[in-house]
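An overview of the molecular structure
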Amino acid sequence: MAKTIKEINEKIKKGKAVVVTAEEIIDIVDKKGLAKAAEEVDVVTTATFGPMCSSGAYINVGHTKPKIKIGGGKATLNDVPVYAGFAAVDIYLGATALPDEDPRNKLYPGDFEYGGGHVIEDLVAGKDVKLVASAYGTDCYPRKKLETWVNIKDLNEAVLFNPRNVYQNYNVAVNLSDRVIYTYMGTLKPHLGNANYCSAGQLSPLLNDPYYKTIGIGTRIFLGGGIGYVAWHGTQHNPTVKRKESGVTQAPAGTLAVIGDLKQMKPEWLRGATFHGYGVTLTVGIGIPIPILNEQICKYTAIKDEDIWTQIIDYSENYPQGKGSSLGEVNYAQLKSGHIKVQDKDVPTGGISSYSKAVEIANTLKTWIKKGDFLLTEPVASLPGEESGYTFKPLKERPLDK
Amino acid sequence: MVSKKIVLHFPNKLVDQPIVYKLVKDYNLKFNILKASITPKEEGLLVLELNGEEKDYKQGVNYLKESGVKVQPLSRDVVRNEAKCTHCGVCVPICPTAALVVDPLTRKVNFYNDKCIACELCIKACPVRAMEVHF
């Protein structure tokens, strides 16, 4: 019998909702069958904890006396440049930003000790952060220089707003060349020395809702240890990639833009991270509840690692040159076994996304819902689906001297 | 026979002494240098694997200590900051001695420091800087 989100919320309020994680639902469906599982279970919690470069926070620091218009000027937080193209005291701090004086990879391959992701972690941890700003000064905003410590508790707003998170599936990265390469998928040893993957697999949100039947704009989520919302489909959203019969995409596909109050979040779920020879980023913890409205949705959430397939991509040549060819397909059970076969070679695997932390998030969200602290939401609008024809296009470059 | 990995800190006055030579000649110990670095006028650091008779090993280490060399077991060399580790597993295929291994049940990364040879490859491979070198 089909359920509605309203009915599930009534159960949550009474403390009677049956909530399980996307890992637990697998056994329940195996043991009880799909029909009974769909009837008994109200919510399945999904989660992921991985580096997500398209993340950042917008902040309103409050007005100084006399006033300064940072907008159109320059500002840094702990020496990391922030975007200052808004009104007087609104700034946006991006996860991959680096201090101007950071040597980048001039000292090869590059250490990247501190950047935007780390500033976000420090802010969330309640540490004082150094704000330095310069402006051109106007009649209404005469001040030209500002140097001060700021703390998240004193900021008017601090809002995490990530344009692209929660990738529905991701590539497995390998290196076919004869030198070590340093990538956002970690250090890749030459001649297929290792294979790195980055998805929570059977726990990952969009792999459990492959056609975005329940996750949409306005969906309330666990974001960085606090509460957030799906704001939009993420950038590079690509629902039209090839899918298995289960509906699960066989390559990176859908993405989400998410938003939430940074002040409620916790540093353990927003971690600054460094990829040696690549740069800095932010590791973000996200949990998304899926209401079990019918058997079909229940079936989607019971997906297993062995039924989720993805592509092996060479990051020495194919990825940087934008050649899409895959070296083969593997599933997450194979990836998690510690070894996969690529071109007849046994290759050890490494994760980038933490499965054990994803389990912790799925369990935390489960507890919140069971206690009645977290109600589900109806999406305000759907994400562009497979039928929309929405795709991820490359840039068509046009010469300037025409 | 014993086989042990140790970290030796040489104060600057000993940097120009043939200490390791004496371990071979007087104590009949075989050595394998795992890591060596000398900062002129400051100190020298040597990570050694020593092989030999138990008695010779003990006397050899005593000789080192009496000469003014600070001796530490290697297992204290690379440590994991448990509060920082997110158990992502990116270090696992980087580790040449399988000292970092994913537990198939918990999906957490176990660090077996008895297998660690302090090559330090994990230090920079770790995105959250959870692996630390302690001298």
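Predicted model, so just to flag it, every value in this text is computed and none were measured.

**Here's the deal with the packing of aromatic side chains**
All names here are of chain A. By the definition in use, this model includes 16 aromatic pairs over all chains. Between Tyr58 and Phe161 the ring centres are 6.4 Å apart and the planes differ by 80°, which places this aromatic pair in the edge-to-face class. Here the residue Tyr58 occupies a position in strand β3 (residues 56-60), and Phe161 occupies one in strand β9 (residues 157-165), the gap between them amounting to 103 residues. For Tyr58, a relative accessible area of 32% translates into the label partly exposed. Residue Phe161 is classed as partly exposed on the basis of its relative accessible area of 31%. Between the aromatic rings of Tyr108 and Tyr182, the centroid separation amounts to 5.9 Å while the plane-to-plane angle is 85°, which identifies the pairing as edge-to-face. One end of the pair, Tyr108, is in the loop between β6 (90-94) and α4 (116-124); the other, Tyr182, is in strand β11 (residues 181-183), with 74 residues separating them in the sequence. For Tyr108, a relative accessible area of 57% gives the class exposed. Residue Tyr182 is classed as partly exposed on the basis of its relative accessible area of 23%. Among the aromatic residues, those joined into a cluster by ring pairs are Tyr167, Tyr170, Tyr184, Tyr278, Tyr315 and Tyr319.

**Here's the deal with the domain arrangement of chain B**
All names here are of chain B. Entries for chain B in the domain assignment read domain 1 (2-76) and domain 2 (78-135). Relative to domain 2, the C-alpha centre of domain 1 lies at a distance of 26 Å. Opposite the 9 residues of domain 1 that make contact, domain 2 presents 10 residues. Across the domain 1 to domain 2 interface the summed buried area is about 720 Å²; carbon plus sulfur atoms make up 55%. On the surface where domain 1 and domain 2 come into contact, there are 1 salt bridge. The interface formed by domain 1 and domain 2 holds 1 residue pair in polar contact (both at pLDDT 80 or more) in total. Among the secondary structure elements, those contributing two or more residues to the side of domain 1 that touches domain 2 are β1 (2-11) and β2 (30-39). When grouped by side-chain class, the residues that make up the side of domain 1 that touches domain 2 number 3 nonpolar, 3 polar and 3 charged.

**Quick word on α4(A)**
Residues and elements named next belong to chain A. Judged by how many residues are buried, α4 sits mostly within the fold: 8 of 9 residues are covered. For α4, every residue scored as buried is listed here: Gly116, Gly117, His118, Val119, Ile120, Asp122, Leu123 and Val124. A positive backbone phi angle near 85° is found at Gly126, which sits one or two residues after α4.

So, how was this worked out
- Along each chain, residue indices are assigned from 1 in the same order as the chain's sequence is written.
- Note on labels: chains are lettered from A, ligands numbered from 1, in written order.
- With pLDDT at 70 or above as the cut-off, local features in this predicted model cover only qualifying residues; side-chain atom pairs require 80 or more to be listed or tallied, and sums for whole chains, interfaces and linings still use all residues.
- As a rule here, side-chain values come from all non-hydrogen atoms in the structure, and water together with hydrogens is ignored.
- Side-chain rings of Phe, Tyr and Trp (the six-membered ring for Trp) are treated as a pair once their centres are within 6.5 Å; stacked means planes under 30 degrees apart, edge-to-face means over 60, and tilted covers the remaining angles.
- Helical segments are the DSSP runs of H or I of at least four residues, strand segments are the runs of E of at least two, and each set is numbered from the N terminus.
- Here the term buried applies to any residue with accessible area under 20% of the maximum for its type, exposed to any over 50%, and partly exposed to those in between, with areas from a 1.4 Å probe on protein chains only.
- Residue ranges assigned to each domain were obtained from an automatic or database domain assignment.
- By the convention used here, residues are in contact when the closest approach between their heavy atoms is within 4.5 Å.
- By convention, the term buried area covers the 1.4 Å-probe accessible surface removed from two parts as they join, with the contributions of both added.
- By convention in these notes, a salt bridge is any Lys or Arg side-chain nitrogen within 4 Å of a carboxyl oxygen on Asp or Glu.
- Pairs of N or O atoms are called polar contacts if they sit within 3.5 Å, as long as, within protein, a hydrogen donor faces a hydrogen acceptor (for residues adjacent in sequence, only side-chain-to-side-chain pairs).
- Amino acid classes used here: Ala, Val, Leu, Ile, Met, Phe, Trp, Tyr, Cys and Pro are nonpolar; Asp, Glu, Lys and Arg are charged; the rest, including Gly, are polar.

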